[in-house]
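Tertiary structure, described
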Amino acid sequence: MTSLPLVFDAPKRGLPPQHLADLDPAARREAVVALGEKGFRAEQLARHYFAGHGSEQMTDLSPVLRERLAPLLPELWTRVRDVDCDAGATIKSLWRGHDSTLVESVTMRYKERTTVCISSQAGCGMACPFCATGQGGLTRNLSTAEIVDQVVRANADDLARGFRGVSNVVFMGMGEPLANYNRVVAALRRLVEPAPAGLGMSQRNIVLSTVGLVPAIRKLTAEGLQVTLALSLHAPDDELRNTLVPVNTRWPVKEVLEAAFGYVRTTGRRLSIEYALIKGVNDQPWRADLLAKRLKGKLVHVNLIPLNPTPGSDWDASPKPVEEEFVRRLREGGVNATVRDTRGREIAGACGQLAALE
Ligand code: SAH
């Protein structure tokens, strides 16, 4: 068996200062009281924060109060730059953390929704060879607030541009969310709890994407959450998946699918299977048939993603006719499948590519 030292890499750096969004409502009150103020101020502060307002706009808090409570709203991310494409409908933001860590988020505006793709770790320890983030290893976990703040900032940006704000969140930026389990689950709670506890988003509008850390999928199943789970499968057979998603050597295809279907049974949510089509690597008709066989009859949807080539790699996306044949065979095998649109290609939209340019 291949050893997997990178999977549980010790983070090389520490977390940022504690922020209001790291705390649940009871802990926020305690923190406000510890700063010498009345507990109810925690709710006011939280309302401002989740509405996307910085400290400068807290008009119902006096300047003295604001200053006293400022330690609860440290600036977590400094904007390094925004790059846009698709006529401004896709915006990729690069952020710098308190320790100079760089992470990315991408906002995609569609007719009836705005989706933000966020990072859960700086870097990633999963080492998938086709993914730009996977090449650099893990720098550190993001804190709960650093995860939530990407959504709060994207929401504020979207509203400032005159749109309706973020409606959907996908954990498909940098990092493996289930390798930062506690903070990611706390962030999910912040996203879905109604104001003033959180952002009040709909669970069905949140997608958590994972390489398939089986014990963590089982734990998530017991959390009482109903977010959509996406599994990065990329191959239906262990031999190939061991190389494309190295964690497969620990939890093979059959086991990871069983865990994911357990999540589906408990939550009633449809499973998303992610499958990046890589020319000549995982796009053979027999693999489409095997994939269909493994998924048939389940509450599942396959998202085929044309590979977004990363610098320094020989791999490329499958040709259109091959992609079409793959879809056709999945459908013929009784499995829902669509090809994902490829927003943000010309701005290095693939996972980790913008941070890699720095
Ligand atoms: N670590 C998580 C989430 C981050 S990546 C996971 O692996 O699921 C989100 C999705 O983008 C994953 O399915 C990942 O495999 C895919 N991905 C990464 N790099 C890609 C690339 N160059 N082209 C296409 N898809 C890619």
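For the structure itself, consult the block above.
Cut-offs and rules
- Residues numbered from 1 in each chain as written.
- Predicted model: local features only at pLDDT ≥ 70, side-chain atom pairs only at ≥ 80, totals over all residues.
- Heavy atoms only, no water.
- Near = heavy atom within 4 Å.
- Polar contact = N/O pair within 3.5 Å; in protein donor to acceptor, adjacent residues only side chain to side chain.
- Areas by Shrake-Rupley, 256 points an atom, 1.4 Å probe, with all protein chains shown as cover.
- Nonpolar A, V, L, I, M, F, W, Y, C, P; charged D, E, K, R; others polar.
- Buried < 20%, exposed > 50% of the residue type's maximum accessible area, 1.4 Å probe, protein only.
- Helix = DSSP H or I, 4+ residues; strand = E, 2+ residues; numbered from the N terminus.
- Arc of directions from axis to C-beta.
- Contact = heavy atoms within 4.5 Å.
- Pairing = 2+ DSSP bridges.
- Axes fitted to C-alpha atoms, helices over the stretch in contact; angles between N-to-C directions.
- 1 Å grid on protein atoms, 1.4 Å probe; cavity = no way out; pocket = protein on both sides within 12 Å on 5 of 7 lines; lining within 4 Å.
- Points joined across faces, edges and corners; volume = space filled by probe spheres on them.
- Phe/Tyr/Trp six-rings, centres within 6.5 Å; stacked < 30°, edge-to-face > 60°.

**Quick notes on the site of the ligand**
The local shell around the ligand holds 19 residues, among which Gly175, Ser209, Ser232, His234 and Asn308 are the closest. Contact between the ligand and Phe130: a nitrogen atom at 3.1 Å from a main-chain N or O atom of the residue. Residue Gly175 places a main-chain N or O atom 2.9 Å away from a nitrogen atom belonging to the ligand. Surface burial for the ligand is 93%, taken as the share of its 540 Å² of free accessible area covered by protein chains. Residue composition of the shell around the ligand, grouped by class: 9 nonpolar, 8 polar and 2 charged.

**With respect to helix 1 (residues 25–34)**
Taken together, the buried positions of helix 1 are Arg28, Ala31 and Val32. Projected onto a plane normal to the axis of helix 1, the buried residues spread over an arc of 100° and lie on a single side. For helix 1, the exposed residues lying more than 90 degrees away from the buried face are Glu30 and Ala34. Next to the buried residues of helix 1 lie helix 2 (41–50), helix 3 (63–69) and helix 6 (181–192).

**Points about the environment of Asn168**
Tracing the chain through its elements places Asn168 in strand 7 (residues 168–171). Asn168 sits 33 residues away from Met201 along the chain, and the two C-alpha atoms are 7.9 Å apart. Residues in contact with Asn168, not counting those within four places in the same chain, are Arg113, Thr114, Thr115, Val116, Met201 and Asn205.

**Quick notes on the pairing of strand 1 (residues 78–85)**
Across 7 bridges, strand 1 lies against strand 2 (residues 90–96) in antiparallel orientation. Across the sheet, Arg79 pairs through a bridge with Trp95, a residue of strand 2. Connecting strand 1 to the antiparallel partner strand 2 that follows it, the hairpin turn spans 4 residues, and Asp86 within it adopts a positive phi of roughly 50°.

**Side note on the sheet that holds strand 12 (residues 336–339)**
With respect to topology, 10 strands assemble into an open sheet ordered 1-2-3-4-7-8-9-10-11-12, the strand pairing being mixed. Among the strands making up the open sheet, the edge pair consists of strand 1 and strand 12. Geometrically, the sheet is characterised by an average inter-axis angle of 20° between neighbouring strands, direction not taken into account. Bridge count between strand 10 (residues 271–277) and strand 11 (residues 300–306): 7 bridges; the pairing is parallel. Within the sheet, the bridge partner assigned to Leu277 lies in strand 11 and is Pro306. Across the sheet, helix 11 (residues 320–332) lies against strand 10, strand 11 and strand 12, angled at about 165° from strand 12, the strand it touches most.

**So, empty space enclosed by the protein**
Here the structure, examined in full by the defined rule, presents 1 cavity of 30 Å³ or more. Its volume calculated, the largest cavity comes out at about 40 Å³. When residues of the lining of the largest cavity are traced back to their parent elements, those giving at least two are strand 2, strand 3 (102–109) and helix 5 (144–160). In terms of residues, the lining of the largest cavity owes the most to one element, strand 2, which gives 3 residues. The residue makeup of the lining of the largest cavity, split by class, is 3 nonpolar, 3 polar and 2 charged.

**Quick look at the side chain of Thr221**
Note on placement: Thr221 falls in helix 7 (residues 214–221). In terms of polar contacts, Thr221 uses its side chain to reach the backbone carbonyl oxygen of Ile217, at 2.7 Å. Look past the residues within four positions of Thr221 in its chain and what remains in contact with it is Gly262, Tyr263 and Thr266.

**Here we look at the packing of aromatic side chains**
As enumerated under the stated definition, the model contains 2 aromatic pairs in all. When the ring of Tyr49 is compared with that of Phe50, the centres are 5.0 Å apart and the planes differ by 65°; the resulting orientation is edge-to-face. We classify Phe50 as buried; its relative accessible area is 6%. Seen in terms of ring centroids, Tyr275 and Phe326 are 5.1 Å apart; in terms of plane orientation they differ by 40°. Their pairing is tilted.

Interpretation note: all reported values are geometric properties and have no functional meaning in isolation.
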